[in-house]
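A structural walkthrough
The residues making up each chain are set out below.
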Amino acid sequence: MSMDPLVMRAREVWAELARVPVSFVPPGGVDVVVSPRSGLCPGGWVGVVALGGSAIVTAPTDAAAGVVRKALEGLPVEVVVDGVAVRDVLPVARMLGPAALAYVSPSGFRPVEARALTVEQLPAVHPDVRGLERAAGSEDAGEAALDEITSPAFAVRDGHGRVVAAAGYRAWPGRAAHVGVLTAPEARGLGLARVTGSAAAAHALAAGLLPQWRARHPASRRVAAALGFEELGFQLSIELA
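In this report, the structure presented in the accompanying data block is examined.

1. Quick look at the pattern of salt bridges
Applying the stated criterion across every chain yields a total of 9 salt bridges. Asp128 is the salt-bridge partner of Arg157, the closest N and O atoms lying 2.8 Å from each other. On the criterion of sequence distance, the pair formed by Arg157 in strand β6 (residues 153–157) and Asp128 in helix α5 (residues 127–136) is long-range, its members being 29 residues apart. Take Asp128: its relative accessible area is 28%, and that puts it in the partly exposed class. In this structure, Asp158 and Arg162 form a salt bridge, with 3.0 Å as the shortest nitrogen-oxygen distance. Since its relative accessible area comes to 21%, Asp158 is described here as partly exposed. Each of Glu120, Asp128 and Arg157 takes part in salt bridges that share partners, so that together they form one network.

The structure is reproduced here in structure tokens:
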């Protein structure tokens with residue numbers, strides 16, 4: 001059976017981010033490798049990415065890799081990205097995720113019309129985008145990471161001229177476009193994340209990039225699904241105790 005092209009492209013992105021030779025082994029398999037410079041997780045942490053029924057894991061040292069291999073050996077792939085289950089088998093100091101990984105192809109993309117709204121393109125460093133981050137709070141702003149985007153910021157203003165929603169993407173290895181979306185608390189529930197996220201995804205697809213949507217919260221996952229993104233796997237980062 002041929003593999004979904006979207007899964008193949010997504011796997012190529014994460015395999016490149018591992019920064020050492022690694023492969024998504026046959027379905028149900030987990031490949032654990034040593035990579036001190038892994039892009040799957042913060043430095044010194046263990047990174048886990050499951051896509052299409054198999055997973056890759058990077059560890060910062062040989063010793064850490066040995067601990068992880070022993071703990072994850074024989075576990076189903078869906079378990080190695082289950083935060084609760086992982087805490088049962090590994091000495092976890094801190095954990096980020098799990099976060100769903102979703103991708104969209106040109107044929108699967110469902111753009112959202114702005115209708116009465118005006119979507120404005122702003123430089124990523126625009127002070128009004130920074131103002132949105134302050135309004136949204138450090139946790140949500142950190143999740144969206146609009147300060148790291150390499151695309152323009154696709155923004156919507158309210159009646160007072162304030163940017164209340166914005167989206168953009170950061171160019172990743174493997175010609176991926178990592179999309180980030182942020183909405184001010186008072187403007188949530190109005191569909192602005194779909195409008196700005198649609199603009200960012202359309203820009204990435206027009207550039208021949210693979211839009212990637214990483215989300216931990218159900219609301220963000222619903223926005224991605226509305227735009228045609230398909231959830232293909234999960235990412236988890238672990239700091240060992």
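2. Brief notes about the sheet that holds strand β2 (residues 46–51)
Taken together, 10 strands build an open sheet; the order of strands is β1-β3-β2-β10-β4-β9-β8-β7-β6-β5 and the sheet is mixed. At either margin of the open sheet sits one strand with a lone partner, and together these are β1 (30–34) and β5 (120–122). The mean angle between the axes of side-by-side strands here comes to 25°, regardless of whether they run parallel or antiparallel. Judged from the 9 bridges that link them, strand β4 (residues 92–103) and strand β10 (residues 230–240) form a sheet pairing that is antiparallel. Directly across from Leu96, in β10, lies its bridge partner Ser237. Lying over the sheet, helix α1 (residues 5–18) contacts β2, β3 (54–59), β4, β7 (163–172), β8 (176–183), β9 (210–215) and β10, oriented at roughly 75° with respect to β9.

3. Some details on the pairing of β2
Among the 6 residues of β2, 6 are classified as buried, and the element is accordingly described as predominantly covered. Side chains Val46, Val48 and Ala50 of β2 all project onto a buried face; the interleaved residues Gly47, Val49 and Leu51 project onto the opposite face, where all are buried too. Pairing analysis gives 6 bridges linking β2 to β10, with the strands arranged antiparallel. For Ala50, the partnering residue across the bridge sits in β10 and is Phe234. Sheet topology note: the β2/β3 ladder contains 5 bridges and is antiparallel.

4. Side note on the packing of aromatic side chains
Two measures describe an aromatic ring pair: the distance that separates the ring centres and the angle between the ring planes. On inspection of all chains with the given rule, the structure shows 2 aromatic pairs. Where Trp14 meets Trp172, the ring centres are 5.4 Å apart and the plane angle is 85°; that geometry is what we call edge-to-face. Of this pair, Trp14 sits in helix α1 while Trp172 is found in strand β7, placing the two residues 158 residues apart along the sequence. Judged by its relative accessible area of 15%, Trp172 falls in the buried class. Taken together, a centroid distance of 5.3 Å and an interplanar angle of 65° make the contact between Trp213 and Phe229 edge-to-face. One end of the pair, Trp213, is in strand β9; the other, Phe229, is in the loop between α8 (218–226) and β10, and 16 residues separate them in sequence. Note on Trp213: relative accessible area 4%, which makes it buried. According to the relative accessible area criterion, Phe229 is buried, its value standing at 6%.

About the thresholds
- Residues numbered from 1 in each chain as written.
- Predicted model: local features only at pLDDT ≥ 70, side-chain atom pairs only at ≥ 80, totals over all residues.
- Heavy atoms only, no water.
- Salt bridge = Lys/Arg side-chain N within 4 Å of Asp/Glu carboxyl O.
- Helix = DSSP H or I, 4+ residues; strand = E, 2+ residues; numbered from the N terminus.
- Buried < 20%, exposed > 50% of the residue type's maximum accessible area, 1.4 Å probe, protein only.
- Pairing = 2+ DSSP bridges.
- Axes fitted to C-alpha atoms, helices over the stretch in contact; angles between N-to-C directions.
- Contact = heavy atoms within 4.5 Å.
- Phe/Tyr/Trp six-rings, centres within 6.5 Å; stacked < 30°, edge-to-face > 60°.

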